[in-house]
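# Chains, contacts and geometry: an overview
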Amino acid sequence: MRETPSPGNLPHILLEWYDVHAREMPWRTGPAERRAGIRPDPYRIWLSEIMLQQTTVATVRDYFARFVARWPTVAELAAAPDADVMGEWAGLGYYARARNLLKCARAVVAQHDGVFPADHAALLALPGIGPYTAAAVSSIAFDLPQTVLDGNVERVMARLYDIHTPLPGAKPVLMEKAAALTPRDRPGDYAQAVMDLGATICTPKSPACGICPWRDPCKARREGTAPLLPMKTPKKPKPVRHGTLYLAQRTDGAWLLETRPDKGLLGGMLGWPGSDWLDIATERPAGTPPVTACWHDLAGEVRHTFTHFHLILSVRTARVGPEVQPERGDFVPRQNFRPSDLPTVMRKAFDLSQSAHVAGL
DNA sequence: CAACCGTGGTT
DNA sequence: TAACCAAGGTT
């Protein structure tokens, strides 16, 4: 008769559940394969974990397939031109991940002879690898007993122990609970099992407590508080910003684009030149056109929401002759321009211009 | 340490 | 429709 569950055989119970219910993923070595002696490729585990940061498995699948097809090893990725990697990452978001992905690949080649380190501290020292990813690679790829603490594990621990302290303040306590459960046996499978549990059973809303392998020891289920946990500190409202983009096409079909600075929003990505994006709605920021031309306002607007603000953009288009010298950006020949290389907000602007063009405007 | 940093799916 | 959410990291 105890109020809160003790570690006991909880990990074992979860591993038995995982043996039956493990989700299929292209980068994953399932429990049966592991038992057969098959080990995961650390490069693939690392790549998938970077992509999975704040991103769903369903979204990552196609990007992962394209990356490993194009760059099968860390050495090949390290040798890739920056623009190729940023273009392949376009649409996935959080573009600092792509810049750090390249930095990390090159560091693994330069500092570790092209072989990923297994040690948590060594992984943590690499660009783009934080506490979670270091633990994930160390445990999943190398089967070392490291504790992963992601959003899933936070939720599962908050419920299992009925912890009402709001995030992110509760992180140290949740880490303590998660670490106490991490087993020496099969730590790699266990790490994936807790996250699978959070993703499929112990979900944020309407958790399927009735079929949960930890339903008996779960304190929040006993208390009826599971759907309310974990508590979170309220988020700030998002302001609305406004701006203007300039889409210029040369008569030979080339498009005027610029590579954005490495720092800040959409850093390192291709985009249309434009104004600053400001919090004023009365007079839309127009900035300065990147090239002298007869600019036309497109009907409609681009709406997009980033992590911390909403954005409404006006779009202006122009056709320019072959002799013009732009003040900003460079002309990208038609055959080198792929809309899929653009981050989503820039692709929306392109789509708007094309639909207007087709409509004969 | 709080702010910054994308996007698409779900409710 | 708006808020919430996802295998977080960096500054």
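Values in this document were obtained by computation on a predicted structure and should not be read as measured data.

Conventions and cut-offs
Residues numbered from 1 in each chain as written. Chains lettered and ligands numbered in written order. Predicted model: local features only at pLDDT ≥ 70, side-chain atom pairs only at ≥ 80, totals over all residues. Heavy atoms only, no water. Helix = DSSP H or I, 4+ residues; strand = E, 2+ residues; numbered from the N terminus. Buried < 20%, exposed > 50% of the residue type's maximum accessible area, 1.4 Å probe, protein only. Contact = heavy atoms within 4.5 Å. Areas by Shrake-Rupley, 256 points an atom, 1.4 Å probe, with all protein chains shown as cover. Lys, Arg positive; Asp, Glu negative; His and termini not counted. Charge placed at Lys NZ, Arg CZ, Asp CG, Glu CD. Phe/Tyr/Trp six-rings, centres within 6.5 Å; stacked < 30°, edge-to-face > 60°. Lys NZ or Arg CZ within 6 Å of the ring centre and 35° of its normal. Near = heavy atom within 4 Å. Polar contact = N/O pair within 3.5 Å; in protein donor to acceptor, adjacent residues only side chain to side chain. Nonpolar A, V, L, I, M, F, W, Y, C, P; charged D, E, K, R; others polar. Domains from an automatic or database assignment. Buried area = accessible area lost by both parts, 1.4 Å probe. Salt bridge = Lys/Arg side-chain N within 4 Å of Asp/Glu carboxyl O. Disulfide = S-S within 2.5 Å. UniProt positions renumbered as here; feature names shortened; annotations may be inferred. Pairing = 2+ DSSP bridges.

### Considering the overall build of chain A
When its secondary structure is counted, chain A shows 14 helices and 7 strands. The C-alpha extent of chain A, read off along each of the three principal axes, is 80 × 50 × 35 Å. Out of the 361 residues in chain A, the part that is buried amounts to 50%. Sequence separation of at least 24 residues holds for 70% of the intrachain contacts in chain A that already meet a minimum separation of 6. For chain A, the exposed area adds up to about 17,900 Å²; of that, 53% sits on carbon and sulfur atoms. Here chain A contributes 42 positively and 37 negatively charged side chains, and the mean placements of these two sets differ by 4 Å.

### Regarding the packing of aromatic side chains
According to the stated counting rule, one finds 14 aromatic pairs in the structure shown. Seen from their ring centres, Trp-46 and Phe-116 are 5.0 Å apart, and the 40 degrees between their planes marks the pair as tilted. Taken as a pair, Trp-46 in helix α3 (residues 42–51) and Phe-116 in the loop between α7 (96–112) and α8 (120–124) lie far apart in primary sequence, 70 residues in all. On the accessibility criterion, Trp-46 (0% relative accessible area) is buried. Grouping aromatic residues by their ring pairs yields a cluster made of Trp-255, Trp-272, Phe-337 and Phe-350. Here the guanidinium or amino end of Arg-250 rests over the ring plane of Phe-331, the centre of that ring lying 4.6 Å away.

### Side note on the protein's contact with DNA strand B
In the vicinity of DNA strand B there are 20 residues, among which Lys-236, Leu-266, His-304, His-308 and Thr-344 approach most closely. Counting only the atoms of DNA strand B within 4 Å of the protein, the fraction contributed by sugar and phosphate is 63%. Residue Thr-55 places a side-chain N or O atom 3.0 Å away from a base nitrogen belonging to DNA strand B. Tyr-94 is positioned such that a nitrogen or oxygen atom in its backbone is 2.9 Å from a sugar or linking oxygen of DNA strand B. Elements with a minimum of two residues in the surface near DNA strand B: β5 (302–305) and α14 (344–358). Residue composition of the surface near DNA strand B, by class: 8 nonpolar, 10 polar and 2 charged.

### Some details on the domain arrangement of chain A
The domain boundaries assigned to chain A delineate domain 1 (10–228) and domain 2 (240–358). A C-alpha centroid distance of 36 Å is found between domain 1 and domain 2. The partner domain 2 presents 12 residues to the 7 residues of domain 1 that form the contact. At the boundary of domain 1 with domain 2, total buried surface from both sides reaches about 720 Å², with 52% on carbon and sulfur atoms. Between the two partners, domain 1 and domain 2, sit 0 salt bridges. If you look at where domain 1 meets domain 2, you find 2 residue pairs in polar contact (both at pLDDT 80 or more). Here the residues of the side of domain 1 that touches domain 2 sort into 4 nonpolar, 2 polar and 1 charged.

### Notes on the state of the cysteines
All told, the structure shown has 0 disulfides when counted by the stated rule. Its sulfur unpaired, Cys-218 is 6.2 Å from the next cysteine sulfur, which belongs to Cys-209. For Cys-218, a relative accessible area of 11% puts it in the buried group.

### Some thoughts on the UniProt feature "domain: HhH-GPD" (unreviewed entry) in chain A
The sites that carry the UniProt feature "domain: HhH-GPD" (unreviewed entry) are, in the present numbering, residues 51–200. End C-alpha atoms of residues 51–200 are separated by 19 Å, and the span's content is 65% helix alongside 0% strand.

### Observations concerning the pattern of salt bridges
A full pass over the atoms with the stated rule returns 19 salt bridges. One salt bridge connects Arg-34 with Asp-189, and the closest N-O pair in it is separated by 2.9 Å. With Arg-34 in helix α2 (residues 31–35) and Asp-189 in helix α12 (residues 187–200), this pair connects stretches of sequence that are 155 residues apart. Here Arg-34 matches Asp-189 in class, with each residue buried. Residue Arg-338 pairs with Asp-341 through a salt bridge whose shortest N-O separation is 2.7 Å. Residue classification places Arg-338 among the partly exposed residues on the basis of a relative accessible area of 40%. Taking the relative accessible area as the measure of exposure, Asp-341 reaches 14% and is therefore buried. Through salt bridges that share partners, Asp-19, Arg-34, Arg-35, Asp-143, Arg-186 and Asp-189 make up one connected network.

### Considerations on the pairing of strand β6 (residues 310–320)
β6 sits mainly inside the fold: 8 of its 11 residues count as buried. Inspection of the sheet shows strand β1 (residues 240–250) paired to β6 by 11 bridges, in the parallel sense. Pairing of Val-240 across the sheet is with His-310, part of β6. In the sheet, strand β4 (residues 296–297) pairs with β6 via 2 bridges, with the strands oriented antiparallel. Counted as the bridge partner of His-296 is Thr-317 from β6. Where β5 lies against β6, 4 bridges are found, and the strand directions are antiparallel. Residue pairing in the sheet places His-304 in a bridge with Leu-311 of β6. Between the antiparallel neighbours β5 and β6 lie 4 residues.

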